[in-house]
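The chain contents come next:
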Amino acid sequence: MRNRNISYTEETEYEQSQRRRSKSAWAIVIMLVLIVAILALVWYKYYRQSKTFNSYTVNAVNQVTDGSKYMRYADGYVRYTSDGAEAVKGDTVLWNVSYSMKKPVADTSGDYCVFADKGHQDICITDGTGANYHISVPDKIVDVRVASQGVVAVWTDSVDTDNIFLYDVNGTLLLDIATDIAADGFPIAFDLSPDGTKLVTSYIKIDDELTTWVTFYNFSAVGQNYSDRVVGSYSFPGTVIPGVKFAGNERVCVFTDNGCIIYRMKETPSELASCSAPRLAAIANDDKYVCLAEDETDGTTTLTIFDVDGQIKKKIVTGISYTGMYMEDSELIIYNNASCIIFNLDGSEKFRTQMDNGIKSVFPAGHNKYYFIGANEVRQITLKSEG
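Worth saying up front: this structure is predicted, and the values here are computed from it rather than measured. (Residues numbered from 1 in each chain as written. Predicted model: local features only at pLDDT ≥ 70, side-chain atom pairs only at ≥ 80, totals over all residues. Heavy atoms only, no water.)

Novice: Kindly report on the overall build of the protein chain, identifying the contributing residues and their values.
Specialist: Each helix and strand in the protein chain was counted, giving 2 helices and 32 strands. Of all 387 residues assigned to the protein chain, the portion counted as buried reaches 47%. Within the protein chain, contacts between residues at least 6 apart in sequence are counted, and of these 39% link residues at least 24 apart. (Helix = DSSP H or I, 4+ residues; strand = E, 2+ residues; numbered from the N terminus. Buried < 20%, exposed > 50% of the residue type's maximum accessible area, 1.4 Å probe, protein only. Contact = heavy atoms within 4.5 Å.)

So, in structure tokens, the structure goes:
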């Protein structure tokens, strides 16, 4: 029995040793595969961000109607007029809605779009399937924002007060933020977070001097612990804050006349960084980056790219005179009526072109695809690289 036991123990130890060797070998193989995958991903990212394109093919052409306006939507765009709106991808209409508005203003987030009649009281919301919901608000509309789940913030004004109303998609009033113009000043900018839980406003008040107040609201459970859901407010004496914009759900860009202040706002706001641009002429941002454009005295333009933590990533100098900028997916698009340049955020030039039917705006349309909105038509193009 003892010998048999000894033989059994030795055989088990041998088998265990073999299993350990096998596991070690598999661990090495898995590690090598992961390393190769990471290197391939890094290479692809570098290749994608550094590749230059010198021509394009036209995939679809749609006609531009009189009085139509356009905004980015998914991998397509929304065209809206005083009579209604439609979402288009390529040459396919995804959905359309009808309304009657004299001066429509619009916003989009996720699948939702909102259209409001500026100076009047009507709102139309669509959820991206063609279903639409109509809301009538108490006062004249100034501007509107929508979140990715359909919550809508509406800025209205009357003689003595300004209000920001918060509605759900069914028209249920969630919150009414009222301000007395004489006591609080009047709003000049506002924005709603993509998840609909936070709001930031910019108000101007003039007493002995001009002062701008930037106020942060939180509509989640945290905000219930604060009066009127105000979780932070900052004054800027002698300074105008013409724009406030969320970059994702936890960063807020406050644009001044000479730069940008970035706030972290997971629940309550705290200043994270200040980005200077003394000759600020234009701004653009997405969820990850901020671009500040400065017009230089020699006729060139300096484009400074910051991440949303305020760190400078790149400076780009260009000679193009521009009328518009758009930033998305690690690319910066600048354009004027005749020409367009697409930059990678490492500073390299990805593509440059001119359009014979003019350029009113440019949107991404998927990987290496773009929409060029012209005076008479919308072109969807795909970039090509010779060789």
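Moving on from the model shown.
Novice: Which residues make up the side chain of Thr 126, and what values do they have?
Specialist: Its location among the elements puts Thr 126 in strand β8 (residues 122-126). Here Ala 131 takes part through its backbone oxygen, which lies 2.9 Å from a polar atom of the side chain of Thr 126. (Polar contact = N/O pair within 3.5 Å; in protein donor to acceptor, adjacent residues only side chain to side chain.)

Novice: Give me the lowdown on the pattern of salt bridges, citing residues and values where you can.
Specialist: Within this structure, the stated rule accounts for 11 salt bridges. In this structure, Asp 207 engages Lys 205 in a salt bridge whose closest nitrogen and oxygen atoms are separated by 3.6 Å. Close ionic contact of Arg 251 with Asp 309 constitutes a salt bridge, the shortest N to O distance being 2.8 Å. Residue Arg 251 is located in strand β19 (residues 251-256), and its partner Asp 309 is located in the loop between β24 (301-307) and β25 (312-318); the two are separated by 58 residues in the primary sequence. Classification of Arg 251 as buried rests on a relative accessible area of 15%. Here the salt bridges do not stand alone but share partners, grouping Asp 143, Arg 145 and Asp 191 into one network. (Salt bridge = Lys/Arg side-chain N within 4 Å of Asp/Glu carboxyl O.)

Novice: Would you mind going over unusual backbone geometry in detail, with residue names and values included?
Specialist: At Ala 74, a residue that is not glycine, the phi angle is positive and equals roughly 50 degrees. Mapped onto the fold, Ala 74 is located in the loop between β2 (69-73) and β3 (76-80). One non-glycine residue, Asp 329, adopts positive backbone phi at about 55 degrees. As for its position among the elements, Asp 329 is in the loop between β26 (324-328) and β27 (331-335). Take Asp 329: its relative accessible area is 46%, and that puts it in the partly exposed class.

Novice: Tell me about the environment of Thr 52, and name the residues and values.
Specialist: Its place among the elements puts Thr 52 in the loop between α1 (2-50) and β1 (55-63). A relative accessible area of 45% means that Thr 52 is categorised as partly exposed. When the C-alpha positions of Thr 52 and Phe 343 are compared, they lie 9.7 Å apart, and in sequence the two are 291 residues distant. Among residues more than four places away in sequence, those in contact with Thr 52 are Glu 349, Lys 350 and Ser 385. In this structure the side chain of Thr 52 is engaged in a polar contact, spanning 3.5 Å, whose partner is the backbone oxygen of Glu 349.

Novice: I'd like to hear about the environment of Asp 356, residue by residue, with values.
Specialist: Within the secondary structure, Asp 356 is located in the loop between β29 (349-354) and β30 (361-364). In the structure, Asp 356 is positioned 19 residues away from Ala 375 in sequence and 9.7 Å away in space, judged by C-alpha atoms. Polar side-chain contacts of Asp 356 include one of 2.8 Å to the side chain of Arg 379.

Novice: Let's hear about the confidence of the model for the protein chain: which residues, and what values?
Specialist: Mean pLDDT for the protein chain: 88, with 88% of residues reaching 70 or above. Every residue in residues 1-8 scores below 50 in pLDDT, and together they form 0 contacts with partners more than four places removed in sequence or on other chains. (pLDDT = per-residue confidence, 0-100.)

Novice: Before we move on, could you go through the nonpolar core and cite the residues and values that matter?
Specialist: Core analysis: the largest hydrophobic core is formed by 17 residues, its most contacted members being Cys 291, Leu 303, Met 325, Met 327, Leu 332 and Ile 334. Elements supplying a minimum of two residues to this core: β22 (280-285), β23 (289-295), β24, β26, β27 and β28 (339-344). Take this core: its biggest share by element is 3 residues, from β23. Those residues in contact with Ile 334 that lie beyond four places of it in its chain are Leu 303, Thr 318, Ile 320, Gly 324, Met 325, Ser 339, Cys 340, Ile 341 and Phe 343. The next biggest cluster of nonpolar side chains, apart from the first, holds 16 residues, and it includes Ile 135, Val 144, Val 154 and Tyr 167. (Core = buried A, V, L, I, M, F, W, Y, C linked by side-chain atoms within 4.5 Å.)

Novice: So what about the pairing of strand β18 (residues 243-246)? Which residues, and what values?
Specialist: Two elements, β18 and β19, share 4 bridges in a ladder whose sense is antiparallel. Across the sheet, residue Lys 245 finds its bridge partner in β19, namely Cys 253. With antiparallel pairing between neighbouring strands as the criterion, β18 and β19 make up a hairpin whose turn holds 4 residues, including Gly 248 at a positive phi of roughly 80 degrees. (Pairing = 2+ DSSP bridges.)

Novice: Tell me about the sheet that holds strand β5 (residues 92-98), and name the residues and values.
Specialist: Spatial ordering of the open sheet is given by β2-β3-β4-β5, a layout of 4 strands whose pairing is antiparallel. Two strands close off the open sheet at either side, each with one partner strand: β2 and β5. This sheet shows a mean twist of 20 degrees between the axes of neighbouring strands, independent of strand direction. Here β2 pairs with β3 via 5 bridges, running antiparallel. If you follow Arg 72 over to β3, its bridge partner there is Tyr 77. (Axes fitted to C-alpha atoms, helices over the stretch in contact; angles between N-to-C directions.)

Novice: Describe the packing of aromatic side chains, listing the residues and the values that go with them.
Specialist: Applying the stated criterion across every chain, the model contains 12 aromatic pairs. Consider the rings of Tyr 56 and Phe 351, whose centres lie 6.1 Å apart with planes at 90 degrees: the pair is edge-to-face. Taken together, the positions of Tyr 56 in strand β1 and Phe 351 in strand β29 put the pair 295 residues apart, joining distant regions of the chain. A relative accessible area of 1% means that Phe 351 is categorised as buried. Look at Tyr 77 and Tyr 371: their rings are 5.0 Å apart centre to centre, the planes differ by 80 degrees, and that puts the pair in the edge-to-face class. (Phe/Tyr/Trp six-rings, centres within 6.5 Å; stacked < 30°, edge-to-face > 60°.)

Novice: Any chance you could break down the pairing of strand β16 (residues 210-218) for me, citing the residues and the numbers?
Specialist: Extensive coverage of β16 is indicated by the burial of 7 of its 9 residues. Two strands pair when backbone bridges link them, and strand β15 (residues 198-206) and β16 are joined in this way by 9 bridges, in the antiparallel orientation. In the sheet register, Tyr 203 faces β16, and the bridge partner there is Trp 213. In sequence, β15 turns back onto β16 through a hairpin of 3 residues. Bridge analysis of β16 against strand β17 (residues 230-237) gives 7 bridges, and the strand direction is antiparallel. Looking across to β17, one finds that Trp 213 is bridged to Ser 235.

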